[in-house]
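# Overview (structure and organization)
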Amino acid sequence: MASVNVNRSLSDQFYRYKMPKIIAKVEGKGNGIKTVIVNMVEIAKALNRPPMYPTKYFGCVLGAQVNCDLKNERYIVNGAHESNKLQDLLDGFIQKYVLCSSCGNPETVLGVLQKKSVITTSCKACGFSGTLNNRDKLTTYILKYPPTSGGPSSVGPSLQSGKKSKRKQKEGKGKDDKKTQNGDSGNGVQGESGDEDVVDGGADNKDDDDWCEDTTADAVAKRMEELSAGAKGLMLNDDLEKSAEERLQMFFEFLNKKKETNETSFDIAIQKDIVAEAERLDIRDKAVLVLCELLFDEKIIQQIKIHRLLFLRFTADNPKAQKYVLRGFEQIVKLHRTVLMARVSHILKAFYDTDIIDEKVIIDWGTKVYKKGVGKEVAEEIHEKAAPFLTWLKEAEEEESDSGEEEEEIEVIYDDRMRGHEIQVREEKIEQPKPVVVQNNVKKDEEDIDIDAI
């Protein structure tokens, strides 16, 4: 299993504190989609923390419910989340709740003074003792469910909170209920029915209301405003259930609002917001179609230079997005056919000079006419007008490859008797033919040639 440094800000390969990389598996679809962190127990052991602590942290940051199945060691975060994104979030948990604030080593032990509502921390490496000043949802959870003496592999009292299983809730009062209330329900995670209990308390569990995220529309909107552009891409949203066309339309409306307030160009912050919105809607490759539609018109050559940086955020090292730019370019040419058709080669050269589209992608585009986008007639005319530029591009590529092959061969001679560090270069001499003397229309060398001997 691949491992990484617990403190990933340190690149030392001999750093002694290692942990496994997060392995996340997405299951289900639609409203039931969820991400199972397969190796959360191993990660928790490396961090010396109960597995529910980092799992809860993910739920707090992402605004998602978390589930736990102790029997099968399944720690679940609702929604679809990639392993690398969860790994980045885990770094935040480690910085706040694992690393010593004095020496930076992850050899800390947490303690809870419930009467004072204080979380203490002591470092076994340097002996530092102090308190955690974090004031977030997870802090409230740790105060309520402190670490047990069972060590990091123990899930802790958070799973022994006496919650009723779904089957027992239906049965009503009885002996089983009394045992559950006294904490005798075993692991408290999975009832006899085999169903998983949601660790995030529901409406009937008022004790957990103080740390659960407010999921009202206003609260979600407020949190989204506070998040950076990169963090917004981590948030689970219902828009992913919509069709690609609907999500493209949503991106169109988003970009149109940005354009209304910024008539000339977009600064870096707005560009990042645009990219984050495209990632949130999972349309990063096709988003350039909307960019072409809203940002280009008859002055497309000048506009390519103005919006170069924004397009590069989508097309750099992304041939698929570059192909969509060419489709968007065809749509613009069709829309302004009388003006732009004669300038097709100049437009393609502008895309090429600004590095928005690579040479290979343009050449591949020129080999086949895409008829579905703008129609057969317009597509063929665009390729006809692009022929001079495509020819120039191919010839330039051939000349470049030929120049690389025509290198003069030089023989380098090393002589250990030479003084210093001089290197002799000896060029191979070509022997010139001996002069031929012509007499009476018969060619002869300096010596007579015996014809009978030939």
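Basis of the calculations
Residues numbered from 1 in each chain as written. Predicted model: local features only at pLDDT ≥ 70, side-chain atom pairs only at ≥ 80, totals over all residues. Heavy atoms only, no water. Helix = DSSP H or I, 4+ residues; strand = E, 2+ residues; numbered from the N terminus. Buried < 20%, exposed > 50% of the residue type's maximum accessible area, 1.4 Å probe, protein only. Contact = heavy atoms within 4.5 Å. Axes fitted to C-alpha atoms, helices over the stretch in contact; angles between N-to-C directions. Parallel < 35°, antiparallel > 145°, perpendicular 65-115°, else oblique. Left-handed = near helix turned anticlockwise from the far one by under 90°. Nonpolar A, V, L, I, M, F, W, Y, C, P; charged D, E, K, R; others polar. Pairing = 2+ DSSP bridges.

## Description of the side chain of Thr121
Topologically, Thr121 is positioned in strand 8 (residues 118-123). When its relative accessible area of 12% is taken as the criterion, Thr121 is described as buried. Each residue touching Thr121, except ones within four places of it in the same chain, is listed here: Thr108, Val109, Leu110, Phe128, Ser129, Gly130, Thr131 and Leu132.

## Some details on unusual backbone geometry
Even without a glycine there, the phi angle at Asn48 is positive, about 60°. With respect to the secondary-structure elements, Asn48 resides in the loop between helix 1 (40-47) and helix 2 (52-62). Here Asp317, not a glycine, exhibits a phi torsion of approximately 55°, which is positive. Along the chain, Asp317 falls in the loop between helix 13 (308-315) and helix 14 (319-335).

## What about the packing of helix 11 (residues 287-295) against helix 13?
Look at helix 11 against helix 13: their axes get within 10 Å of each other, and the N-to-C directions meet at 165°. The angle between helix 11 and helix 13 falls in the class roughly antiparallel. Taken as a pair, helix 11 and helix 13 cross one another with a handedness that is left-handed. Contacts from Ala287, Val288, Leu291, Cys292 and Leu295 in helix 11 reach Leu310, Phe311, Phe314 and Thr315 in helix 13. Residue composition of the contact of helix 11 with helix 13, grouped by class: eight nonpolar, one polar and no charged.

## Describing the environment of Glu277
By the secondary structure assignment, Glu277 is in helix 10 (residues 268-280). Judged by its relative accessible area of 12%, Glu277 falls in the buried class. Sequence-wise, Glu277 and Met250 are 27 residues apart; in three dimensions their C-alpha atoms are separated by 9.5 Å. When near neighbours in sequence (up to four residues on either side) are disregarded, Glu277 contacts Phe251 and Phe254.

## Here's the deal with the environment of Ile362
The topology assignment puts Ile362 in helix 17 (residues 359-366). According to the relative accessible area criterion, Ile362 is buried, its value standing at 0%. When sequence neighbours within four positions are dropped, the list of residues in contact with Ile362 reads Leu348, Tyr352, Ile357, Phe389, Leu390 and Leu393.

## Thoughts on the sheet that holds strand 9 (residues 129-131)
Ordered by their spatial adjacency, three strands build an open sheet running 7-8-9, and the pairing between neighbours is antiparallel. At either margin of the open sheet sits one strand with a lone partner, and together these are strand 7 (108-113) and strand 9. Strand-to-strand twist across the sheet, computed as the mean angle between neighbouring axes with direction ignored, equals 25°. Summarising the sheet, strand 7 and strand 8 pair through six bridges and their orientation is antiparallel.

Read these as geometric descriptors, not functional statements.
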